[in-house]
Amino acid sequence: MPAKAGDRHRQGQSGPSGGKAVPPRPPKAVSRKRDEDVSMEAGDGVDEWAAAKTLVKPPDQLELTEAELKEEITRILTANNPHAPQNIVRYSFKKRAYKPINYVDQMAVHFSLNGNMIPKDSDEGRRQSIRLSTAAEKAPVETSAVTSEEAEIKDEASTGNTQAAGEEEAGGSGTAETTERAEAEEPPPSGVKEQKLANQFNFTERASRTLNNPMQERACQTEPTPYKNFSATANQWEIYDAYVEELQKMERSKEKEKSKAQVPKREEEKKKGRRLTSLESQSDDITKISKAAKIMERMVNQNTFDDIAQDFKYFEDASDEYRDQEGTLLPLWKFQYDKTKRLAVTAISWNPKYKDLFAVGYGSYDFLKQGQGMLLLYTLKNPSFPEYVFSSESGIMCLDFNNDHPYLVAVGFYDGNVAIYNLKKATSQPSYKSSANSGKHTEPVWQVKWQKDDMDNNLNFFSVSSDGRIVSWTLVKNELVHTDVIKLSGEGTTMQGPEGLQLQMLGSGTSFDFHKKIDNLFLVGTEEGKIYKCSKCYSSQFLDVFEAHHMAVDSVSWNPYHLKVFISCSSDWTVKIWDHTIKTPMFVYDLNSAVGDVVWSPYSSTVFAAVTTDGKAHVFDLSINKYEALCTQLVVAKKKNKITHIQFNPVYPVIIVGDERGHVTSLKLSPNLRRMPKEKKGQEVKKGPEVEIAKLDKLLNLVRDPETKAGK
């Protein structure tokens, strides 16, 4: 009875809302709903959550320790197939032999699947279409049954509050509900897949696939190089004809050089349009390559001598601060040439335009060892090989660059000739040279100096020789014309000859120098140790005579700043500084060995350097120390070797030194040897020739003061 009343009550509730009578619920659905309610009340959901988090290991999983799990195993994959053959040989028709193949196919096929297409009209196509249609019909039926059950469960949930009496009745009939619950728990369908167990290791699985590169074949075929067989016999007349043809070509080239010197520039430009012969074209190609090769050679040398180049540009000796005003010379590059090993360096001169280029003359000071000479031009950018090489039949004793035309070099030889070399011309012979007919010297030429052009703008230079003549050479119409400026002859230089004849002995000039401001004034040093002050205007007498040294005067030069001061050195071991208005020297320095050369520095009026035959270089600065050299350093170590010449670079703090073995050594001056006046706070440091003149005048006044007081 209560159950029926409950059913009526349930129908009365649902009647007004739905408008239709709800059919009674099946017993299975009721028991399932009740079981869910009971489980929620008992708190079984917590146990289910904990059960989901338990780790389930597959039966075939390895048991690894913590150390084994943390161990990293690396594998390197390469594209090479280890099973590919490496010794495949093919026959080469070109070489006519079997040759191994360098390229081997490394691709390995691991999986291959060939697909196919079936026409719909065929029997197999109809069977597959029927199978697919039946499978599609079964799927909707299963899904509809599941949705109906879910709807019934939702209806039970909506009417759960009004079923208190029904629940009591259900507790009484427990056996019936258990039977219904057993019927509700149906086995799962066989088509459901098993859940894949999670991987228990501490790494993730990743997979990737790359595209297979398509196979390509590449081949090329070249035409064989053309070749031709040539054979000939060399007879006597063929050799003769070849020599005659070569001589004719040389004569033609000489004629062309002569004609180019006489023909105006316009006609030269017209002649350039003519076709070149085979020899001329080859020489042009070589000159094009030589320019690029020189640049490459300089780059390679700057890399090989990089440490020296860094010292040349940046190194400053910091230890000079603790040396009490003394300095040092840092050796830089050493210049040498194979063909000049047995020749001595007889002259050095810097180029006035290119500050890294200098010329070196080679010869011999020994009368018994006279032979050929050489003129080399080196640059600091390439110390391994000279830029220009000129050879001569006689030894070169002196040289000088022209200031207005830096490509012209005047040279004096041991045989008394003088010549002019033109660096623009590719010939190894001098462009202009004196001869016996043109009035050459009869003794070695010891010094040459360029002077200003004459009134007709002709090039002009002077030379001094042991024959006592000072000659002016002028380039007129491609020929050297000589003019004797003065002949050196002193008092008491006559000797008695046979039959009572009085023979006049001429002085032997060894060096000379022209005044920087007064063009006509110049000094001449002689083998007797005297220094003559001469003028171009007077060819028969001297302006003054200085009893300077006891042996030959090796060098004499005016100060580049002070107009009255000059310096001289001699083989009597002394260096002397003079005022040309006073016959006694201002300063005298004994260097304990024969002095080969002395030069003023271009940056200071009080700094000069000298070299002695014992292999030492001496650098003086009168403004710092009037009595001793600031630097005395051994440059040449060998006992049989001697230093012959020294020169300051006009821009860089570098000196170059030549010796008797044909070597030229470059040295860098330390800061103490080129010290400039210090800057004071609030005052600008005065620079220029006036400051240098005043600095030297101050020193000279200290020497002159006692004499002036005694004169008074």
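Residues numbered from 1 in each chain as written. Predicted model: local features only at pLDDT ≥ 70, side-chain atom pairs only at ≥ 80, totals over all residues. Heavy atoms only, no water.

A. Geometry of the side chain of H645. Locating H645 in the fold gives a position in strand β30 (residues 643–648). From its side chain, H645 meets the backbone oxygen of T346 in a polar contact 2.7 Å long. Within the structure, H645 has its side chain in polar contact with the side chain of Y365 (distance 2.9 Å). Those residues within four positions of H645 in sequence are excluded, and the remaining contacts are V345, T346, A347, I348, Y365, D597, V611, I656, V657 and G658. (Helix = DSSP H or I, 4+ residues; strand = E, 2+ residues; numbered from the N terminus. Polar contact = N/O pair within 3.5 Å; in protein donor to acceptor, adjacent residues only side chain to side chain. Contact = heavy atoms within 4.5 Å.)

B. Layout of the sheet that holds strand β10 (residues 418–422). Pairing is antiparallel in the open sheet, where 4 strands are placed in the order β8-β9-β10-β11. With one partner strand each, in any of the chains shown, β8 (396–401) and β11 (432–433) form the two edges of the open sheet. Where strand β9 (residues 408–413) lies against β10, 5 bridges are found, and the strand directions are antiparallel. Looking at β10, one finds that G412 is bridged to V418. (Pairing = 2+ DSSP bridges.)

C. Local environment of a nonpolar patch on the surface. Together, V89, Y91, F93 and Y98 make up a nonpolar patch on the protein surface, roughly 490 Å² of accessible area in all. Take Y98: it is sitting in strand β2 (residues 97–100). (Patch = residues over 30% accessible without salt bridge, like charges linked within 9 Å, V, L, I, M, F, W, Y side chains within 5 Å. Areas by Shrake-Rupley, 256 points an atom, 1.4 Å probe, with all protein chains shown as cover. Salt bridge = Lys/Arg side-chain N within 4 Å of Asp/Glu carboxyl O.)

D. Highlighting the environment of I567. Looking at the element boundaries, I567 is found in strand β23 (residues 565–570). Overall, the relative accessible area of 0% leaves I567 in the buried class. As for I567 and S555, which are separated by 12 residues in sequence, their C-alpha atoms are 8.2 Å apart. (Buried < 20%, exposed > 50% of the residue type's maximum accessible area, 1.4 Å probe, protein only.)

E. Focus on the pairing of strand β21 (residues 544–547). Burial along β21 is one-sided: D544 and F546 are buried, and none of V545 and E547, which face the opposite way, are. Where strand β20 (residues 530–535) meets β21, 4 bridges bridge the pair, whose relative direction is antiparallel. Residue pairing across strands places K533 opposite D544, the latter belonging to β21.

F. Local environment of the packing of aromatic side chains. Under the criterion given, the structure shown has 25 aromatic pairs. For the pair Y589 and F608, a centre-to-centre distance of 6.0 Å together with 50° between the ring planes defines the contact as tilted. One end of the pair, Y589, is in strand β25 (residues 587–590); the other, F608, is in strand β27 (residues 607–612), and 19 residues separate them in sequence. One exposure class covers both Y589 and F608, and it is buried. Just above the ring of Y388 sits the side chain of K294; from NZ or CZ to the centre is 5.3 Å. One Lys or Arg, K433, reaches over the ring of F413 and ends 5.0 Å from the middle of that ring. (Phe/Tyr/Trp six-rings, centres within 6.5 Å; stacked < 30°, edge-to-face > 60°. Lys NZ or Arg CZ within 6 Å of the ring centre and 35° of its normal.)

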